[in-house]
Amino acid sequence: MRINFLGLAGTVQTGKSELASVFEDCGWKFLDLNDPQCDLRAKGTDRYNLFPSGSLKECGSKTGQFYDLVSPEFYQARVAEDSQLLVPIILEWCANAAPQPVVLSWEFLPSISDRIQLDHTLYCVSNLQIWMERLHTRLKGRGMTGEIPDERIWHVIDVLNVWPDKIAAAVQEKMAGNFTEFDVSAPDWGESELRPWLAQVRG
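1. Points about the side chain of Arg41
- The residue Arg41 is located in the loop between α2 (34–40) and α3 (66–69) in this model.
- Buried and unpaired, Arg41 has no salt bridge, with Asp82 as the nearest side chain of opposite charge at 4.1 Å.
- Within polar-contact distance, the side chain of Arg41 engages the backbone oxygen of Gly60 at 2.6 Å.
- Residues in contact with Arg41, not counting those within four places in the same chain, are Arg47, Tyr48, Phe51, Leu56, Gly60, Lys62, Tyr75 and Asp82.

2. Re the environment of Asn34
- One can find Asn34 in helix α2.
- Residue class for Asn34 comes out buried when judged on its relative accessible area of 18%.
- Asn34 sits 73 residues away from Glu107 along the chain, and the two C-alpha atoms are 8.7 Å apart.
- Apart from the residues within four sequence positions on either side, Asn34 is in contact with Ser105, Trp106 and Glu107.

3. Some remarks on the nonpolar core
- In this structure, Leu104, Leu109 and Ile116 are the most contacted members of the largest nonpolar core, which totals 43 residues.
- Mapped by element, the contributors of at least two residues to this core are β1 (5–9), α3, α4 (72–97), β3 (102–105), β4 (120–125), α6 (128–141), α7 (150–160) and α8 (164–174).
- With 7 residues, α4 is the largest single contributor of residues to this core.
- Those residues within four positions of Leu109 in sequence are excluded, and the remaining contacts are Gly7, Leu8, Leu33, Leu104, Ile116, Leu118 and Met175.
- Counting residues in each nonpolar core, the second largest holds 19 residues, with Ile3, Leu6, Leu19 and Phe30 among its members.

4. A word on the packing of α4 against α7
- Viewed as axis vectors pointing N to C, α4 and α7 meet at an angle of 40°, and their least axial separation amounts to 7 Å. In terms of orientation, α4 and α7 fall into the oblique class. Two secondary-structure elements touch here, α4 through Pro72, Tyr75 and Gln76 and α7 through Asp158, Val159 and Leu160.

5. Structural notes on unusual backbone geometry
- At the junction of Ala98 and Pro99, the peptide bond is cis and its omega measures out at 10° in the coordinates.
- Structurally, Pro99 can be placed in the loop between α4 and β3.
- Look at Gln117: it is not a glycine, yet its phi comes out positive at around 55°.
- Within the element layout of this structure, Gln117 appears in the loop between α5 (113–116) and β4.

Cut-off values and rules
- Residues numbered from 1 in each chain as written.
- Predicted model: local features only at pLDDT ≥ 70, side-chain atom pairs only at ≥ 80, totals over all residues.
- Heavy atoms only, no water.
- Helix = DSSP H or I, 4+ residues; strand = E, 2+ residues; numbered from the N terminus.
- Buried < 20%, exposed > 50% of the residue type's maximum accessible area, 1.4 Å probe, protein only.
- Lys, Arg positive; Asp, Glu negative; His and termini not counted.
- Salt bridge = Lys/Arg side-chain N within 4 Å of Asp/Glu carboxyl O.
- Polar contact = N/O pair within 3.5 Å; in protein donor to acceptor, adjacent residues only side chain to side chain.
- Contact = heavy atoms within 4.5 Å.
- Core = buried A, V, L, I, M, F, W, Y, C linked by side-chain atoms within 4.5 Å.
- Axes fitted to C-alpha atoms, helices over the stretch in contact; angles between N-to-C directions.
- Parallel < 35°, antiparallel > 145°, perpendicular 65-115°, else oblique.

Below, the structure is given as structure tokens:
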């Protein structure tokens, strides 16, 4: 199996961003679709003004208060709109990257997989306890203060609509027979397993 156009799917904190440098070191162009998604709602855009005051930084990324200010229904409607807007951006980026192999990383990648024709997808999964620990660390890094009980984390996952079982179902439906499950529970996020896998699929 030779892969030029690879998807990287999985819920938040399953190593997608953490492994970006590994892909790049192995000769792949890496695009985290959260980056152009943030650009779509950066300060000065019409989409920035759709969000409650204080929920976004000027660059369009989420603040620590985002999850208290934005409802699941509101955010999921914005993601559906973003998915439509991102497809031409992705296709242009991939065309410019050619002939270098590319990786597209996004929690919501299954929703657009039929429009970007991926060769294959790595679906990142994690041990539940390790995943929870990493979520705690990430939310602290986002500026969330005070205690972060599990219920608080579930609220964040609910706003984002990135429940692991939902992501798994979407991958299995949209990418059936065309994905590899990849465990990122190890301290190195699976880097030691990823490098030989990438060498194999590039031949």
